[in-house]
Amino acid sequence: MIRLNPVKSLIELRDVWKNYGGSEVLRGVNLTVGEGEFVSVRGKSGAGKTTLLKIIGLLENPDRGEVEILGRLISRLGDNERSRLRLQAIGFVFQFFNLIPSLTVLENIELPLALAGVKKHERLKRARELLDYFGLAHLAGRFPETLSGGEKQRIAIIRALVNNPKIILADEPTSSIDDENSQLLISLLKGINSERRVAIVLTTTDLYERLPTTRDYILKDGRLQAT
Ligand SMILES: Nc1ncnc2c1ncn2[C@@H]1O[C@H](COP(=O)(O)OP(=O)(O)OP(=O)(O)O)[C@@H](O)[C@H]1O
Ligand SMILES: [Mg+2]
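Residues numbered from 1 in each chain as written. Chains lettered and ligands numbered in written order. Predicted model: local features only at pLDDT ≥ 70, side-chain atom pairs only at ≥ 80, totals over all residues. Heavy atoms only, no water.

What's the story with the pairing of strand E6 (residues 90–93) in this structure? I'm lost.
Side-chain positions along a regular strand alternate between the two faces of the sheet. Burial along E6 is two-sided: the face carrying Ile90 and Phe92 and the face carrying Gly91 and Val93 are both buried. In the sheet, E6 pairs with strand E7 (residues 167–171) via four bridges, with the strands oriented parallel. Bridging from a neighbouring strand, Gly91 pairs with Ile168 of E7. (Buried < 20%, exposed > 50% of the residue type's maximum accessible area, 1.4 Å probe, protein only. Helix = DSSP H or I, 4+ residues; strand = E, 2+ residues; numbered from the N terminus. Pairing = 2+ DSSP bridges.)

Quick look at the structure:
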């Protein structure tokens, strides 16, 4: 008999706990996200949304509980393997964009590929293609401080996409831009989600924001509640 070892889910969290300085931010989070899913996590400021995304994004370790990304148990991986998995599988759109001010738009987009050891020629090609695809080629040589908030957001999303990730984590991507730009951004994410089957976990503080999600949660008292 052939033994198949299918990846059940892209993200699997089991009973994840995290405390900072004595306060329990996450108190037993369970979450399963499969290919092509678009999941929202809504919660008040301080509820632990960024903490949760950092744990999924392998930027923080939980105090207790298990994290599996692409079927791999994170606690079993060494630092190098963990970084490699993060660079290959995950695109992160940070709450405050985290564009590097001393790098141009094009260089910012190239950055995840540079960290992953991709050759300059290939990096440039891929970054330019994406900028073209999103109609933002004219911004390539600009520095982040000269961009509008909406432009920064879109560049941050393009940067999260450049390594062809299976998972995109978007931390309050619509919090600091106007309604029109928010809708543009959400439809951009939805397009990526449906066309490439990328799994998306998006956070927002807005309990009522309409989102094209496949599943919605509220993060409250350190736990995820389905809505
Ligand atoms: N590195 C840290 N050290 C100490 N406390 C932290 C750290 N990171 C987060 N916290 C605390 O954990 C709690 C949850 O923070 P987190 O950033 O996850 O909330 P959030 O839901 O993302 O909030 P917001 O919507 O304001 O971004 C907060 O009380 C915060 O002060
Ligand atoms: Mg946050």
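Read on, since the account is not over.
What exactly am I supposed to notice about the environment of Val118 here?
Inspection of the secondary structure puts Val118 in the loop between helix H3 (105–115) and helix H4 (120–133). Judged by its relative accessible area of 26%, Val118 is partly exposed. Sequence-wise, Val118 and Asn163 are 45 residues apart; in three dimensions their C-alpha atoms are separated by 9.8 Å. Leave out the neighbours within four places in its chain, and Val118 touches Leu113 and Arg123. (Contact = heavy atoms within 4.5 Å.)

Which parts of the structure should I look at to understand the site of ligand 1?
Near ligand 1, the surroundings consist of 13 residues, among which Ser45, Gly46, Lys49, Thr51 and Glu172 are the closest. For ligand 1, whose free accessible area comes to 640 Å², the fraction covered by protein is 59%. For the shell around ligand 1, the leading source of residues is helix H1 (residues 49–56), giving three residues. Of the residues contributing to the shell around ligand 1, the split by class is three nonpolar, seven polar and three charged. (Near = heavy atom within 4 Å. Areas by Shrake-Rupley, 256 points an atom, 1.4 Å probe, with all protein chains shown as cover. Nonpolar A, V, L, I, M, F, W, Y, C, P; charged D, E, K, R; others polar.)

Please clarify how the coordination of the magnesium ion (ligand 2) should be interpreted in this entry.
A four-donor tetrahedral metal ideally has 109.5 degree angles, and a six-donor octahedral metal ideally has angles of 90 or 180 degrees. The magnesium ion (ligand 2) binds to the protein through Thr50 (OG1) and Gln95 (OE1), with metal-donor distances spanning 2.0 to 2.4 Å. You can see Thr50 sitting in helix H1 and its partner Gln95 sitting in the loop between E6 and H3, a full 45 residues away along the chain. For Thr50, a relative accessible area of 26% gives the class partly exposed. (Donors = N, O, S within 2.8 Å, 3.2 Å for Na, K, Ca; no water.)

What am I meant to see in helix H6 (residues 179–196) here?
Think of an α-helix as 3.6 residues a turn; residues three or four steps apart then line up on the same face. Counted at 1.5 Å a residue, the expected span for H6 with its 18 residues is 26 Å, and the 25 Å between its end C-alpha atoms agrees. Of the residues making up H6, those classed as buried are Ser182, Leu185, Ile186, Leu188, Leu189, Ile192 and Asn193. One side of H6 holds all its buried residues, which, seen down the axis, span an arc of 155 degrees. The exposed residues of H6 that point more than 90 degrees off its buried face are Asp179, Glu180, Gln183 and Glu195. (Expected span 1.5 Å × (residues − 1). Arc of directions from axis to C-beta.)

I keep staring at the pairing of strand E4 (residues 64–69) and nothing clicks. Help me out?
As defined by bridge partners, strand E1 (residues 11–20) adjoins E4 across five bridges and the pair is classed as antiparallel. From the neighbouring strand, Trp17 faces E4, where its bridge partner is Arg64. Looking at chain direction, E4 and strand E5 (residues 72–73) are connected through two bridges and run antiparallel. Across the sheet, Ile69 pairs through a bridge with Arg72, a residue of E5. In this antiparallel pair of consecutive strands, E4 and E5, the connection spans two residues, and Leu70 shows a positive phi of 50 degrees.

Would you mind going over the packing of H4 against helix H5 (residues 149–161) with me for this structure?
The relative placement of two packed helices comes down to the angle between their axes together with the axis-to-axis distance. For the pair H4 and H5, the least separation of the axes is 10 Å and the interaxial angle reads 135 degrees. Accordingly, the angle class assigned to the pair H4 and H5 is oblique. In the packing of H4 onto H5, the handedness of the crossing is right-handed. Facing Arg126, Leu130 and Leu131 of H4, the residues of H5 in contact are Ile155, Ile158 and Leu161. (Axes fitted to C-alpha atoms, helices over the stretch in contact; angles between N-to-C directions. Parallel < 35°, antiparallel > 145°, perpendicular 65-115°, else oblique. Left-handed = near helix turned anticlockwise from the far one by under 90°.)

Looking at this structure, I do not really get the packing of H3 against H4. What am I missing?
Two numbers describe how H3 lies on H4: the axes approach to 9 Å, and their chain directions differ by 125 degrees. Taken together, the axes of H3 and H4 lie oblique to each other. Crossing handedness for the pair H3 and H4: right-handed. Seen from H3, the contacting residues are Val105, Leu106, Ile109, Glu110, Leu113 and Ala114; seen from H4, they are Lys120, Arg123, Leu124, Arg126, Ala127, Arg128 and Leu131.

Teacher, can you tell me more about the environment of His121 here?
Inspection of the secondary structure puts His121 in helix H4. Along the primary structure His121 and His138 are separated by 17 residues, whereas in three dimensions their C-alpha atoms are 20 Å apart.

Is there a simple way to explain the side chain of Asn163 in this structure?
Here Asn163 is to be found in the loop between H5 and E7. Here Leu87 takes part through its backbone oxygen, which lies 2.4 Å from a polar atom of the side chain of Asn163. Not counting the four nearest positions on each side in its chain, Asn163 is found in contact with Arg86, Leu87, Gln88, Ile90 and Leu113. (Polar contact = N/O pair within 3.5 Å; in protein donor to acceptor, adjacent residues only side chain to side chain.)

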